[in-house]
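# Observations on the model geometry
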Amino acid sequence: MSAASLSRVPVTIITGFLGAGKTTLLRHILHKAQGHRIAVVVNEFGSLGIDGEILRGCGIEGCRDDDIVELTNGCLCCTVADDFLPTMEALLDRADPPEHVVIETSGLALPKPLLKAFGWPTVRNRMTVDGVITVVDAPAIATGRFADDPDAVAQQRAADPSLDHDNPLAEVFEDQLNAADLIVLNKTDLLSAEELAQVEAEVRRLSPRPIKIIRATEGKVDPAVLLGLGAAAEADLDARPSHHDAEDGEHEHDDFESFVVPVPEQASVEDFLTQLQDVAATFDVLRMKGFASVYGKPMRLAVQGVGTRFRHEFDQPLPAGAERSGRIVVIGQKGLNEAGIRAALSHGAA
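Residues numbered from 1 in each chain as written. Predicted model: local features only at pLDDT ≥ 70, side-chain atom pairs only at ≥ 80, totals over all residues. Heavy atoms only, no water.

## A few points about the overall build of the protein chain
Rules: A run of H or I in DSSP counts as a helix once it spans at least four residues, and a run of E counts as a strand once it spans at least two, with each numbered from the N terminus. Whether a residue is buried, partly exposed or exposed follows from its accessible area with a 1.4 Å probe, protein chains only, as a fraction of its type maximum: under 20%, in between, or over 50%, in that order. Any two residues having at least one pair of non-hydrogen atoms within 4.5 Å are treated as being in contact. In short, Shrake-Rupley with a 1.4 Å probe defines the accessible areas, and a residue's cover is counted only from the protein chains shown.
Broken down by element type, the protein chain carries 12 helices and 12 strands. Out of the 350 residues belonging to the protein chain, those deemed buried represent 52%. Of all intrachain contacts in the protein chain linking residues separated by at least 6 positions in sequence, the fraction that spans at least 24 positions is 79%. Carbon and sulfur atoms provide 49% of the accessible area of the protein chain, an area that totals close to 15,700 Å².

This is the structure we're talking about:
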């Protein structure tokens, strides 16, 4: 690593598709920060900052609220000049600037435009991208969520070149893999050894260069493995191909949509989770996350789902006298039946 890069604040970019476990990994990093000043920039697809709320409510010693910066008005790869660069400049100009910055991108973000932003004159001599970490949802790969059969697609294209076989899920996922300096295969406890080997082989097939892959459960990875990679990724863009290179960084998420659904107080945790799973299956929802209150419970219920797989926890007390309603962010491919989803989630405690 050069002397110049040592004088710059290192930045770690955590990317990965919706629900891969980026926030869980980031929370683990903060738990193990051991007094280091780490600033976190959280970017989400949609208008409700669930991940920022989770991190602010983490109760981690030394993790101050003003160290969590939330950007919810657009994907970072699309709003670099308007949102991202002023945020980074403000962090650098603090009286006590961070020793390390970790950016959690939206699950639909393309990392490469963000990497290009570190060549901007106001930050290029003050920051360096220490590494890009791509978190992969191993069970999602095992079920073929992002898979295209290359041979079948090639045959279809040969038969009819006018057909459009673009798979927006696969493209975003592959761009995130292509940008990586380290791949974290997460949720490995949900798969057998044979399934894990197949998933790892598929990830290696899709990755354009030999990248180190580590396996994790609940995002528990030693921060010493994640931070300090010294990749200077902003200076290595040619080795990180993107499906959108020809678009000059312009990228819209027209293939996806999100909305927030208010939900009433729930009768029980089990009934609510069953309701969410039914909605995800019926309407082919990619991702749901948010908070709800449960009848008779003083704690807020946090829920996160990928497809029909959900996890939940009571994460923090509800303020006395607070309204006992909740909010769920719903994300899916364009054409979601919003009215149907809203109606299905409108039922609460009896």
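## Considerations on the sheet that holds strand S9 (residues 287-292)
In sheet architecture, strand pairing relies on hydrogen bonds along the backbone and comes in two forms, parallel and antiparallel. Let me state the cut-off plainly: For two strands to pair, DSSP has to find at least two bridges joining them. For helices, the fitted axis covers only the stretch in contact; all axes are lines through C-alpha atoms, and the angles between them, taken along N-to-C directions, range from 0 to 180 degrees.
Here we have five strands laid out as an open sheet, ordered S8-S12-S9-S10-S11, and antiparallel in their pairing. Every interior strand has two partners, whereas the edge strands, strand S8 (256-263) and strand S11 (309-317), have only one. Shown here is a sheet whose adjacent strand axes are inclined to one another by a mean of 15 degrees, direction ignored. Here six bridges tie S9 to strand S10 (residues 299-306), and the two strands are oriented antiparallel to one another. Across the sheet, Gly 290 pairs through a bridge with Val 303, a residue of S10. Against the sheet, helix H11 (residues 269-283) engages S8, S9, S10, S11 and strand S12 (326-333), with an angle of about 140 degrees to S11.

## Comments concerning the pairing of S12
Moving residue by residue along a regular strand, the side chains alternate between the two faces of the sheet. Among the eight residues in S12, six count as buried, and that is most of the element. Sheet topology places S8 next to S12; eight bridges connect them, and they run antiparallel. Across the sheet, the residue bridging to Pro 262 is Arg 327, located in S12. Strand direction decides the pairing type here: S9 and S12, joined by five bridges, are antiparallel. Across the sheet, the residue bridging to Met 288 is Val 330, located in S12.

## Quick word on the pattern of salt bridges
Rules: When a carboxyl oxygen of Asp or Glu lies within 4 Å of a side-chain nitrogen of Lys or Arg, that pair is called a salt bridge.
One pass over the full model with this rule turns up 15 salt bridges. Asp 137 is the partner of Arg 309 in a salt bridge, and the nearest nitrogen-oxygen pair spans 2.9 Å. Within this pair, whereas Arg 309 is found in strand S11, its partner Asp 137 is found in strand S5 (residues 127-137), the two being separated by 172 residues in sequence. On the basis of relative accessible area, Asp 137 is assigned to the buried category, the value being 4%.

## Description of the packing of aromatic side chains
Pairs of aromatic rings are described using the distance from one ring centre to the other and the angle between the two planes. We count it as follows: When the centres of two rings from Phe, Tyr and Trp lie within 6.5 Å, Trp using its six-membered ring, the rings pair. Their planes under 30 degrees apart give stacked, over 60 give edge-to-face, and anything left gives tilted. Only when the NZ atom of a Lys or the CZ atom of an Arg is both within 6 Å of the ring centre and within 35 degrees of the ring normal do we say a charge sits over the ring.
This structure, assessed with the given rule, holds zero aromatic pairs. Residue placement shows Arg 300 over the ring face of Phe 291; its charged tip is 3.5 Å from the ring centre.

## What about the nonpolar core?
Worth spelling out the cut-off: What we call a nonpolar core is a set of buried Ala, Val, Leu, Ile, Met, Phe, Trp, Tyr and Cys residues that are connected through their side-chain atoms within 4.5 Å.
One finds Phe 17, Val 136, Ile 183, Leu 185 and Val 203 to be the most contacted residues of the largest nonpolar core, which totals 27 residues. Of all elements in the fold, only helix H6 (138-142), helix H8 (168-178), strand S6 (182-186), helix H9 (193-206) and S12 reach the threshold of two or more residues within this core. In contact with Leu 185, other than residues within four places in its own chain, are Val 136, Ala 138, Leu 196, Val 199, Glu 200, Val 203, Ile 213, Ile 214, Arg 215 and Ala 216. With 23 residues, the next largest nonpolar core counts Val 9, Val 11, Val 69 and Val 123 among its residues.

## Regarding the side chain of Arg 240
Operational definition: Think of a polar contact as two N or O atoms within 3.5 Å of one another; within protein, one of them needs to be a possible hydrogen donor and the other a possible acceptor, and neighboring residues in sequence only count if both atoms come from side chains.
Position of Arg 240 among the secondary structure elements: in the loop between helix H10 (223-226) and S8. Under the relative-accessibility criterion, Arg 240 is labelled buried at 1%. A polar side-chain atom of Arg 240 sits 2.8 Å from a polar atom in the side chain of Asp 181. Setting aside residues up to four positions removed in sequence, Arg 240 forms contacts with Lys 112, Leu 115, Val 132, Asn 178, Ala 179, Ala 180, Asp 181, Arg 209, Ala 231 and Ala 233.

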